[in-house]
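Per-entry structural report
If you want the building blocks of each chain, they are given just below.
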Amino acid sequence: MTSAPSSRPPWRSEARIRPDLHDHVTRLVEEAVLANAAGAPARAETLLRRALRRLDREGEVPDDVVVLRARVHVTHAVSRVQRGDRHGAFALLDTADGLLVDAGPNHVRSLAVVQRAGLHGRVGEWERTRELLEGVALTAEVAPRTRCLLHLNLGLTYQFLGRYHDSDVRLRRAHQDAVALGFPDLAAAAVHNRGRLQFLLGNLPRALSLTEQARAMGGDLLPPGAVLDRARVLAEAGLVDQAMEALEEGEEAARAGGIAHDVAEADLERARLALLRQEHADARVYAARAERRFSRGSESAWAVRASLLRLQAELLAGRNPGATATTLSQLADGPAPASAVGAEAAVLAAEANALVGRVDEARRNLARPEVRRAASFPLRLQRTLALAELHAAEGRPDLVRRELRRGAHRLAVEQARHTSIDSRTAVALHTRRLRDAHLDLAIATGSPAQVFDATELWRGVSQRLPPMVASPDLELARLTADARRLHSEAHDAQDPARRSALEAAARDVERAVARRDWEQAGTTGAAAEERPVTVAALRPLLDRAHAGLVSLFLHRDLLWAVTVTPSGARLTRLPDSAGVVEAAARLRADLATRRLALGTDLQRVIERSMMHTASALGEALAPILPRAHRVVVIPSSSLASLPWRLVPGIRGRVVTVAPSATFWARRSVPAGSGSVAPTVVALAGPGLARATSEARDVARVWGAGASDGAGHDGVSTGEELRKALSDSTIVHVAAHGFHQDESPLFSSVVMGDGPVFAHEFQRAGVGAEHVVLSSCEVGRTHVRAGDESLGLTASLLATGVRTVVAAVGPVGDEDAHTVMSAYHRVLAQGLDAAEALEIASAGVEEGRLFCAYGADWAPTPIGVTSTGVRVRGGAVR
């Protein structure tokens, strides 16, 4: 019996590949797969060329060799597309398909389909991607890794198609299978893409958590593109500095690996960050460069995204608004939806058309279904702004104000989802344009009440939410302990090189603490924010307090003030805004320099400069100050951290510096209104010669002279401070303190076992109503864009403390002791904190660096128990 003629090509054989050859080539391919996954396509191509050379040396070509050769080409296609050669990648897949035409059952055929689908996704052809992936039958011919890839890529595809539930199902399956089958790179990728999904759904705390979890899992296995995704999540959370760090990390890895797409995407993210910083010219340059790079790589969907950012930069810079509006409408009607940015394009087109008076076109853009479904927090805010611009074009200021109030409520809802002070305050960055629009409208009316309402609506929104309390976290506690140890060792280190190394290590741990903090999931439900106080509601409160209030704000580089008294309100634009801002910066700089010059001849020179600058500030601010003896100051971001009680015109008055008028109005406890006797704890840190006696004096004032800390054989610990803040009404801390402008949530007071950081208060739980920080400079604050404050004092106020007394500069140990002992004697008589501080500071010049922050607060004048602790050494706080 003769066999039928074979259709097998003459160069094929039915022989089997030798095991050693199969194992060698397979190992090279697997290494190349991991290199591609880690963003090293050049390394992958080197490995694959070695594999092909090894196969080429075979004399006969059995089916196993053909299949293995096709496997090499499929993997090589991934390398080529990463290096920007999409056409070459498709050609390699075509070659692989040709090799597999006559091959028997094998695992490569389904892998080639999955990779081809990925190439279509790269250029935004997501429906074609879905068709290819859903067409793969999960038979025994699909290798385990390919099965995981299929779920992973379908999960990502469904995201771009808006099928978010299906995406979550596929990504969870991909993660489950990858863990079970031992593919750590795919497991990390699945978690990362789940974080990306939460980003699209607008759940930033969860997105931060998952992307950081993926980073910890994946290490070097995640490609640079994952780092760039993380940069975008951080940017959307308002954490711009951290986003820039991630961006630089991702861009460096992309350039090292020669990944053309990721290099272009880094430019795209730089443009996005520049827009957040209102650096419109830079944003346009970065976006245009990304657009050219994507176009060269035939990545049309990504080129559309870059074009959209470029047009946004042009719109914000005021370049050809009519032409920009037309182009944006064309983009929204054309390629943007297919590129998965249809909602973004439509909202931006609506804003542009409203600005140039094309009301009907703006309405049409906003009526698109994808706009209504938008979940991203910044996109929802941008839609709010577009609606406000539309109503402004219609001549409906009432509707404009309604939309702006909705935007402020959306900010509060978003902030309430965060249990990290850092990320809660950071998201306010996205409201800057809404705030500017609101102030433009209010200032145009000339009404002090309307301007005041606008500033209060957007100022310190997080302070109108319930006090922040986050859940305990053992890993965060461990990292914080590491940071404390490193700071303590750096402080004690004699060798400069070792000190520098320890400080660098401490900064690394601080970043790890911040990342862990951001990961925490937020609360659920609507935000129960307080309504901002109005001028009408504020005036009777000021009347009862015999006070006047001045609210300062910087708007479009001009410094304004609303002065409110019991008899009315007035709006003033300061004539020399730049001069006032410059003087404030100079005074802050002098304070910092003075700390370094204490005890030297330079100290007097600096103090004379401070007095001169303070006088200039007093003269500039004189027209806006109320005439009342008691003054409430709401500083602008440019005037934060000033020694207000040194400024002529304010000097000698009773002063409270509040984060907002709403905070002062809602949190104040006037003298005589308390009904419960306070509990008082006085603690001392190491290195201050008079801290022990200061703590004992405070204890005696409140009627607990026997509790003088005599039983302690050391200094007070951080745990004792945290317990005092949790359980007591009044907490006095005599210790060294440090404010960090670069990392304000790591501002600290130093206790016996090391520093206690500002960020720790949110987890310790704070029940104290009044805290006195007899420390250097911890009254300083860092104000973020969005008028949200960070620092030691700001963190205490955010966690429920009503009033904090602290200094914005270094105070001599003896002067601090004198002022603080007198302060508590007056406070215990039932006077409020600001008035007690003014009386206690009489005749002590450095005592004027202390100020009362937050609200007015007075205790019930009854003696209570207290604890003092013994300390050693030191001279300046």
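The present account deals with the structure reproduced in this document.

Observations concerning the overall build of the chain
Across its full length, the chain carries 36 helices and 15 strands. The C-alpha atoms of the chain give 32 Å as radius of gyration, which agrees with the globular expectation for 877 residues (29 Å, within 12%). In terms of principal-axis extent, the alpha carbons of the chain reach across some 120 × 70 × 50 Å. Sorting the 877 residues of the chain into buried and exposed places 58% on the buried side. Just so you have it, the chain exposes about 33800 Å², and 52% of that area is on carbon and sulfur atoms.

Concerning the packing of aromatic side chains
The description of an aromatic ring pair rests on the distance of the ring centres and on the angle between the ring planes. Counting across every chain of the model gives four aromatic pairs. Both rings, one in Trp 126 and one in Phe 160, keep their centres 4.1 Å apart while their planes meet at 5°; by these two values the pair is stacked. You can see Trp 126 sitting in helix H6 (residues 126–134) and its partner Phe 160 sitting in helix H7 (residues 144–160), a full 34 residues away along the chain. Of the residues examined, Trp 126 reaches a relative accessible area of 10% and is grouped as buried.

Things to note about the sheet that holds strand E8 (residues 737–738)
The sheet built from three strands is open, its strands ordered E8-E9-E10 with antiparallel pairing. What marks the edges here is a single partner per strand, and that holds for E8 and strand E10 (754–757).

Quick notes on the pattern of salt bridges
Under the definition given, this model contains 61 salt bridges. The shortest N-O distance in the salt bridge between Arg 690 and Glu 814 comes to 4.0 Å. Of this pair, Arg 690 sits in the loop between strand E6 (680–684) and helix H31 (691–701) while Glu 814 sits in helix H35 (residues 813–827), placing them 124 residues apart in sequence. Linking Glu 760 and Arg 722 is a salt bridge whose minimum nitrogen-to-oxygen distance equals 2.9 Å.

Some words on the pairing of strand E3 (residues 568–573)
As defined by bridge partners, strand E2 (residues 558–565) adjoins E3 across six bridges and the pair is classed as antiparallel. Note on E3: the bridge partner recorded for Thr 565 is Gly 568.

Observations concerning the nonpolar core
Formed by 94 residues in total, the largest nonpolar core has its most connected members in Leu 552, Trp 644, Leu 721, Val 771, Leu 773, Val 805 and Tyr 823. For this core, the element with the highest residue contribution is H35, accounting for seven residues. Residues contacting Val 771, with those up to four places away along its chain left out, are Leu 725, Val 731, Leu 796, Val 801, Thr 803, Val 804 and Val 805. Formed by 41 residues, the second largest nonpolar core is a distinct cluster that contains Ala 235, Ala 246, Phe 377 and Ala 412.

A look at unusual backbone geometry
One non-glycine residue, Arg 556, lies in positive phi territory at about 50°. Mapped onto the elements of the fold, Arg 556 is located in the loop between strand E1 (547–555) and E2. The backbone phi angle of Asp 557 is positive, close to 70°, even though this residue is not glycine. Tracing the backbone shows Asp 557 in the loop between E1 and E2.

Overview of helix H18 (residues 359–366)
For H18, the set of buried residues is Val 359, Ala 362, Asn 365 and Leu 366. Projected down its long axis, H18 carries its buried residues within an arc of 125°, all on one side. Here the buried face of H18 lies against helix H16 (321–333), helix H17 (342–355), helix H19 (369–372) and helix H20 (377–393).

Considering a positive patch on the surface
A contiguous patch of positive charge, built from Arg 27, Arg 49, Arg 50, Arg 53 and Arg 57, is present on the exposed surface. At three residues, helix H2 (residues 41–56) tops the list of elements feeding residues into the positive patch. Within the secondary structure, Arg 57 is located in the loop between H2 and helix H3 (63–82).

Calculation notes
Residues numbered from 1 in each chain as written. Predicted model: local features only at pLDDT ≥ 70, side-chain atom pairs only at ≥ 80, totals over all residues. Heavy atoms only, no water. Helix = DSSP H or I, 4+ residues; strand = E, 2+ residues; numbered from the N terminus. Rg over C-alpha atoms; globule rule 2.2 N^0.38 Å. Buried < 20%, exposed > 50% of the residue type's maximum accessible area, 1.4 Å probe, protein only. Areas by Shrake-Rupley, 256 points an atom, 1.4 Å probe, with all protein chains shown as cover. Phe/Tyr/Trp six-rings, centres within 6.5 Å; stacked < 30°, edge-to-face > 60°. Pairing = 2+ DSSP bridges. Salt bridge = Lys/Arg side-chain N within 4 Å of Asp/Glu carboxyl O. Core = buried A, V, L, I, M, F, W, Y, C linked by side-chain atoms within 4.5 Å. Contact = heavy atoms within 4.5 Å. Arc of directions from axis to C-beta. Patch = residues over 30% accessible without salt bridge, like charges linked within 9 Å, V, L, I, M, F, W, Y side chains within 5 Å. Lys, Arg positive; Asp, Glu negative; His and termini not counted. Charge placed at Lys NZ, Arg CZ, Asp CG, Glu CD.

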